[in-house]
Amino acid sequence: MRAYARELAFQLIFERLFVKDNFYDEEFFASLKKDEDKAFAKELLSAYTSHKDEILNLISSHLVGYELDRVYKVDLALLCTALAEIIYIKTPYKIVANEIVELAKRYSTDKSSRFVNGVLSSIIKSLNQPKE
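Residues numbered from 1 in each chain as written. Predicted model: local features only at pLDDT ≥ 70, side-chain atom pairs only at ≥ 80, totals over all residues. Heavy atoms only, no water.

S.K.: I'd like to hear about the pattern of salt bridges, residue by residue, with values.
M.R.: As enumerated under the stated definition, the model contains five salt bridges in all. Note that Glu7 and Arg106 form a salt bridge whose closest N and O atoms lie 2.9 Å from each other. In this pair, Glu7 is assigned in helix H1 (residues 2-18) and Arg106 in helix H6 (residues 93-107), connecting sequence segments 99 residues apart. Salt-bridge contacts for Glu102 lead to Lys105; the nearest nitrogen and oxygen are separated by 3.3 Å. A residue pair is termed a helical-turn pair when its members lie 3 or 4 positions apart in one helix, as Glu102 and Lys105 do in helix H6 at three residues. What makes Glu102 partly exposed here is its relative accessible area of 40%. A network of salt bridges, in which partner residues are shared, links Arg6, Glu85 and Glu99. (Salt bridge = Lys/Arg side-chain N within 4 Å of Asp/Glu carboxyl O. Helix = DSSP H or I, 4+ residues; strand = E, 2+ residues; numbered from the N terminus. Buried < 20%, exposed > 50% of the residue type's maximum accessible area, 1.4 Å probe, protein only.)

Structural data, given as structure tokens:
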């Protein structure tokens, strides 16, 4: 199931926010039964790892009243996961936004789903603006 693969990738991205070393993640991926789910989770983690600085800069530029280092790490990992999937895997943003907000409700604070949704909406709007 792709939702579980996304959740697994989010957990690994959360870990990456704290630990600089890359770990062997095959034990994590082993819980995914379908090869396409494993491939998706690996692709999502790879997209984040390859574009981490760009993703964090994009998030930082859309925070209102916050610095990046003051954002809850769970919320930051959720935003990173969403942006890696939307920008680099090209999953439709409506699907990703819905799934990420649901993960925020499960993993973070009561207000986090609104915060994550607001920041993500702001970024999506800016990405969809025509370039001049």
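Anyway, onward from the coordinates.
S.K.: I'd like a rundown of helix H4 (residues 52-61), residues and numbers included.
M.R.: Among the residues of H4, Ile55, Leu56, Leu58 and Ile59 are the ones counted as buried. Around the axis of H4, the buried residues are gathered within 160° of arc, so they sit on the same side. Turned more than 90 degrees away from the buried face of H4 sit Asp53, Asn57 and Ser61, all of them exposed. At its buried positions, H4 is contacted by helix H3 (35-50), helix H5 (73-89) and helix H7 (112-128). (Arc of directions from axis to C-beta. Contact = heavy atoms within 4.5 Å.)

S.K.: Any details on the packing of aromatic side chains? Residues and values, ideally.
M.R.: Scanning the model with the defined rule gives three aromatic pairs in all. Geometrically, the ring pair formed by Phe10 and Tyr107 is edge-to-face, given 5.2 Å between the ring centres and 65° between the ring planes. Of this pair, Phe10 sits in helix H1 while Tyr107 sits in helix H6, placing them 97 residues apart in sequence. The class of Phe10 is buried, set by a relative accessible area of 2%. Consider the rings of Phe14 and Phe18, whose centres lie 5.1 Å apart with planes at 70°: the pair is edge-to-face. Of this pair, Phe14 and Phe18 both sit in helix H1, four residues apart, which is roughly one turn of the helix. Classification of Phe14 by relative accessible area gives partly exposed; the value is 28%. One Lys or Arg, Arg2, reaches over the ring of Phe40 and ends 3.9 Å from the middle of that ring. (Phe/Tyr/Trp six-rings, centres within 6.5 Å; stacked < 30°, edge-to-face > 60°. Lys NZ or Arg CZ within 6 Å of the ring centre and 35° of its normal.)

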